[in-house]
Amino acid sequence: MIVVTGATGLLGRLVVTELLDRGVPAQQIVAAVRNPEKAADLAARGVLVREADYDRPETLTGALAGADRLLLVSANEVGRRVAQHRAVVDAAVAAGVRLIAYTSVLKADTATFPLAAEHQATEELIRASGLPYALLRNGWYTENYTGNLAATLQHGAVLGSAGDGRVAAATRADYAAAAAAVLAGDGHQNAVYELGGDEPFTLAELAAEISRQSGTEVVYRDLPAEEYATALVAAGLPEPYAATLAECDRGIARGELTTDSGDLRRLAGRPSTTLADAVAVALKG
């Protein structure tokens, strides 16, 4: 039995779909979700849907019953994730899970940007649990940049604090394919995968690609981290989260979100989605 947490989220749902596409029987897949009603489409495909709330450990026991392999998709509440993840790891130990895969972050053991800290702590929890594990250290999502191209085109600029740093971004579908390969395959016990796109790019190259395909001039404006955070707040982001994102850009400048490992391509069994293809899809809406 394969259990996928956060299975109605943007990544988790893609992992479930990828497992089905790989021929894993639907009745051997559990979509562990906070709100089962949102997983009606997965249930219609024969996937088992179970309630699993990271903040209610009592729900995790039933969600993981009979689990052989578990994908712990990182929670999205920054500052609360370690406690939430600990509840899932404890439930996995109690259930006798034989492999726990975790969606960590690229170079989690050495990265210094703030978002890495909770991933570092979670990796330590998983190792200390004694369970066989696979650490899926995902890089940035390309959708972080292509998800709101309308605003980028309106302002004619990509803002950031990454300098000339390269980011090995890949699409959620790319990372989902890698996760599904680990969950459905063998030989991944105690493995650490540094996952990122085949062709890392700078934010200036991102702006140039958007310009090329849209016909609208878009430039990259490199800002001091404090100014970038202020711009993000002006765009509607909460101040703490804006500051965190600005610090992540400084991590890009330091080379902490790029890799040439090739792990993503090998696990997915195909090249990662190119920046050009991702921009083209986003522009089509």
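In this text the structure is predicted, and so the values were computed from the model without any measurement. Note on numbering: residues in each chain are counted from 1, in written sequence order. For a predicted model such as this one, the threshold for reporting local features is a pLDDT of at least 70, and the threshold for listing and counting side-chain atom pairs is 80 or more; totals across whole chains, interfaces and linings nevertheless cover every residue. Remark: hydrogens and water are excluded; side-chain values derive from all non-hydrogen atoms of the structure.

Caption draft 1: Local environment of the pairing of strand 1 (residues 2–5). Exposure categories follow from relative accessible area, calculated using a 1.4 Å probe and restricted to protein chains: below 20% of the type maximum is buried, above 50% is exposed, and the middle band is partly exposed. Every helix listed is a DSSP run of H or I at least four residues long, and every strand listed is a run of E at least two residues long, numbered separately from the N terminus. Alternating residues of strand 1 divide into Ile2 and Val4 and Val3 and Thr5, and every residue in both groups is buried. In the sheet, strand 1 pairs with strand 2 (residues 29–33) via four bridges, with the strands oriented parallel. By the bridge assignment, Ile2 is partnered in strand 2 with Ile29. Viewed with both strands pointing away, a crossover whose connecting path from the first strand over the helix to the second turns clockwise is right-handed. Traced from strand 1 through helix 1 (residues 10–21) to strand 2, the parallel crossover comes out right-handed. For two strands to count as paired, DSSP must find a minimum of two bridges between them. One ladder, built from three bridges, connects strand 1 with strand 4 (residues 69–72); its direction is parallel. Opposite Ile2, over in strand 4, you have Arg69 as the bridge partner.

Caption draft 2: Region of interest: the side chain of Asp53. You can see Asp53 is positioned in the loop between strand 3 (48–51) and helix 3 (57–63). The class of Asp53 is buried, set by a relative accessible area of 10%. For the purposes of these results, a polar contact is taken to be a pair of N or O atoms within 3.5 Å, where, inside protein, one atom must be able to donate a hydrogen and its partner to accept one; residues adjacent in sequence count only when each atom of the pair is a side-chain atom. Only 2.9 Å separates the side chain of Asp53 from the backbone nitrogen of Asp55, close enough to count as a polar contact. The criterion used for residue contact is that any of the two residues' heavy atoms lie within 4.5 Å. If sequence neighbours within four positions are ignored, Asp53 has contacts with Arg34, Thr59 and Leu60.

Caption draft 3: Quick peek at the pattern of salt bridges. Each reported salt bridge corresponds to a side-chain nitrogen of Lys or Arg within 4 Å of a carboxyl oxygen of Asp or Glu. Scanning the entire structure with this criterion turns up 23 salt bridges. In this structure, the salt-bridge partner of Arg34 is Glu77, at a minimum N-O distance of 3.8 Å. On the criterion of sequence distance, the pair formed by Arg34 in the loop between strand 2 and helix 2 (40–44) and Glu77 in the loop between strand 4 and helix 4 (81–95) is long-range, its members being 43 residues apart. Arg34 sits in the partly exposed class, given a relative accessible area of 47%. A relative accessible area of 26% places Glu77 in the partly exposed class. Note that Arg137 is salt-bridged to Glu123, the shortest N-O span being 2.8 Å. Of this pair, Arg137 sits in strand 6 (residues 133–138) while Glu123 sits in helix 5 (residues 116–129), and the two are 14 residues apart along the sequence. Across the pair, exposure class does not vary: Arg137 and Glu123 are buried alike.

Caption draft 4: View of the sheet that holds strand 1. The seven strands lie next to each other as 3-2-1-4-5-6-8, forming an open sheet whose pairing is parallel. Here the strands that pair on one side only, and so sit at the sheet edges, are strand 3 and strand 8 (191–195). Each strand of the sheet is rotated relative to its neighbour by a mean of 20 degrees, with strand direction disregarded. The strands that helix 1 touches are strand 1, strand 2, strand 4, strand 5 (99–105) and strand 6; relative to strand 1, the one it contacts most, it runs at about 155 degrees. Axis definition: a line fitted to C-alpha atoms, limited for helices to the stretch in contact. Angles are taken between N-to-C directions and run from 0 to 180 degrees. Strands strand 1, strand 4, strand 5, strand 6 and strand 8 of the sheet are contacted by helix 8 (residues 172–184), whose axis makes an angle of about 155 degrees with strand 4.

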